[in-house]
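Below, each chain spelled out in residue letters.
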Amino acid sequence: MSTSSLSRHIVITGASSGIGRALALEYAGPNRHLFLAARSSGRLNETVRECENRGAKVSSTLVDMRNQEFVTDWLNSCASTAPLDLVIACAGVSASSRSKNGKKIHETLADTLRVMETNAVATMHLAALAADAMLPHKQGQIVLISSIASYYGLPSSPAYCASKAAIRIYGQSLRHLLRPQGIRVNVICPGYVDTPMSQRLKGAQPLRWTAFHAARRIVRALEKDTPEYAFPWPLVIGLKALHFLPDRLAHFFLAGFAFDVEPDQESPLASKDS
């Protein structure tokens with residue numbers, strides 16, 4: 001019997017859009033209770049309605065994952081309803097250096113801290129809470145969404161790459177730490193996926209997948225308890241191979257990954273001219 005068929009009580013953060021929303025719809029069905037969290041009320045409500053139309057019971061909440069006290073109370077409340085089978089940490093943000101007058105502008109300190117707090121610290125916090133909730137039952141699965149950007153530092157997005165690398169290594173360690181307790185930990189490293197976040201990216205996005213195609217492949221990997229699932233493989237191999245090249249040659253190839261990212265509403269750059 002597959003992992004997905006056994007997972008009845010599922011937590012997904014970042015469920016209002018992108019991979020988080022696609023995973024929520026993929027798992028939605030009869031005898032499933034989904035606990036969904038996101039920051040956008042309108043888009044989250046749409047996800048809830050679609051999941052309910054597929055037969056799932058849905059509990060939703062609006063939350064900024066950096067609010068540790070709220071997240072702790074929320075996750076503990078979910079766990080008190082029923083033992084959690086699957087917790088997927090999808091919430092994330094991006095920032096980037098930008099071009100102005102033909103020159104690159106480095107990331108602002110505010111954006112750097114926000115990206116690290118959301119993508120790395122908040123994800124670790126959720127994973128630790130999930131582990132605490134699952135330990136008494138000695139079963140469950142924790143999924144951390146990293147990125148293929150974790151394999152090599154891309155010049156246009158230092159904070160994003162660093163935050164995703166932190167999550168990838170943290171997930172690897174956590175898997176070995178929790179395995180004897182019966183808890184599975186998986187790390188997912190997507191490449192370019194068509195999401196609202198990627199639509200702010202101005203530059204080449206080779207081998208981009210739809211969110212629903214990515215979600216189906218992720219569910220399959222989780223059913224097999226794949227420790228680390230990265231896609232698409234040509235980009236994964238290419239980024240990993242950069243470690244074996246001289247720095248100047250790696251720099252030449254990285255020019256193909258040069259891009260700007262339009263700032264989101266929270267970025268200090270949002271109020272400035274590009």
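The structure under discussion appears in the preceding block.
All of these numbers come straight from a predicted model, not from anything done at the bench.

(A) The pattern of salt bridges, seen in detail. Under the defined criterion, the tally for this structure stands at 5 salt bridges. Between Asp64 and Arg66 there is a salt bridge, and its shortest N-O distance comes to 2.8 Å.

(B) A look at the packing of aromatic side chains. Using the criterion set out here, one finds 3 aromatic pairs in the structure. Seen from their ring centres, Trp209 and Phe231 are 4.3 Å apart, and the 15° between their planes marks the pair as stacked. Here the residue Trp209 occupies a position in strand E11 (residues 209-210), and Phe231 occupies one in the loop between strand E12 (228-230) and helix H8 (233-241), the gap between them amounting to 22 residues. As far as the burial class goes, Trp209 and Phe231 line up, both buried. Ring centres of Phe252 and Phe253 lie 5.5 Å apart, and the angle between their planes is 75°; this geometry places the pair in the edge-to-face category. Among the residues examined, Phe252 registers a relative accessible area of 59% and is labelled exposed. Note on Phe253: relative accessible area 44%, which makes it partly exposed.

(C) Focus on the side chain of Thr195. Within the element layout of this structure, Thr195 appears in the loop between strand E9 (193-194) and strand E10 (201-202). Classification of Thr195 as buried rests on a relative accessible area of 12%. If sequence neighbours within four positions are ignored, Thr195 has contacts with Gly18 and Ile19.

(D) Structural context of a nonpolar patch on the surface. A contiguous nonpolar surface patch, about 380 Å² in accessible area, is contributed by Leu245, Leu249, Phe252 and Phe253. Tracing the backbone shows Leu245 in the loop between H8 and helix H9 (247-254).

(E) How the structure looks around the packing of helix H5 (residues 109-134) against helix H6 (residues 158-178). Across the interface, H5 lies against H6 with an axial gap of 8 Å and an inter-helix angle of 15°. Taken together, H5 and H6 sit at an angle that is classed as roughly parallel. H5 and H6 meet at a crossing whose hand is right-handed. Counting all contacts with H5, which are made through Thr112, Val115, Met116, Asn119, Ala120, Thr123, Met124, Ala127, Ala128 and Ala131, the residues of H6 involved are Ala159, Tyr160, Ala162, Ser163, Lys164, Ala166, Ile167, Tyr170, Leu174 and Leu178.

(F) Spatial organisation of the sheet that holds E12. Spatially, E3-E2-E1-E4-E7-E8-E12 is the arrangement adopted by the 7 strands of the open sheet, whose pairing is parallel. Unpaired on one side and paired on the other, strand E3 (57-62) and E12 mark the two borders of the sheet. This sheet shows a mean twist of 15° between the axes of neighbouring strands, independent of strand direction. Looking at chain direction, strand E2 (residues 33-38) and E3 are connected through 6 bridges and run parallel. Looking at E3, one finds that Leu34 is bridged to Val58. Running at roughly 175° to E3, helix H3 (residues 41-53) makes contact with E2 and E3 of the sheet. Where H6 meets the sheet, its contacts fall on strand E7 (140-145), strand E8 (183-189) and E12, and the angle it forms with E8 comes to roughly 160°.

What counts, and at which threshold
- Numbering of residues begins from 1 in every chain and follows the order in which that chain's sequence is written.
- Only residues with pLDDT of at least 70 get local features here, since the model is predicted, and only at 80 or more are side-chain atom pairs given and counted; chain-wide, interface and lining totals rely on the full set of residues.
- To get the side-chain values, take all heavy atoms of the structure and skip hydrogens and water.
- Salt bridge, as used here, is a side-chain nitrogen of Lys or Arg placed within 4 Å of a carboxyl oxygen of Asp or Glu.
- Stacked, edge-to-face and tilted are the three classes for Phe, Tyr and Trp ring pairs, Trp counted by its six-membered ring, which pair at centre distances within 6.5 Å; planes under 30 degrees apart are stacked, over 60 edge-to-face, the rest tilted.
- Only DSSP runs of H or I covering at least 4 residues are called helices, and only runs of E covering at least 2 are called strands; the numbering of each starts at the N terminus.
- Summary of the burial criterion: residues with accessible area below 20% of their type's maximum are buried, those above 50% are exposed, and those between are partly exposed, where the area comes from a 1.4 Å probe applied to protein chains only.
- Residue contacts are defined here by distance: any two heavy atoms, one from each residue, within 4.5 Å place the two residues in contact.
- Patch membership requires over 30% relative accessible area and the absence of a salt bridge. Like charges are linked within 9 Å, and nonpolar side chains (Val, Leu, Ile, Met, Phe, Trp, Tyr) within 5 Å.
- Accessible areas in this description were obtained via Shrake-Rupley with a 1.4 Å probe; residue shielding takes into account the shown protein chains only.
- All axes here are fitted lines through C-alpha atoms, helices being fitted over the stretch that makes contact, and every angle between N-to-C directions spans 0 to 180 degrees.
- Roughly parallel means an angle under 35 degrees; roughly antiparallel, over 145; roughly perpendicular, 65 to 115; everything else is oblique.
- We call a crossing left-handed when the near helix sits turned anticlockwise from the far one by less than a right angle, and right-handed when that turn is clockwise.
- When DSSP finds two or more bridges between a pair of strands, those strands are recorded as paired.

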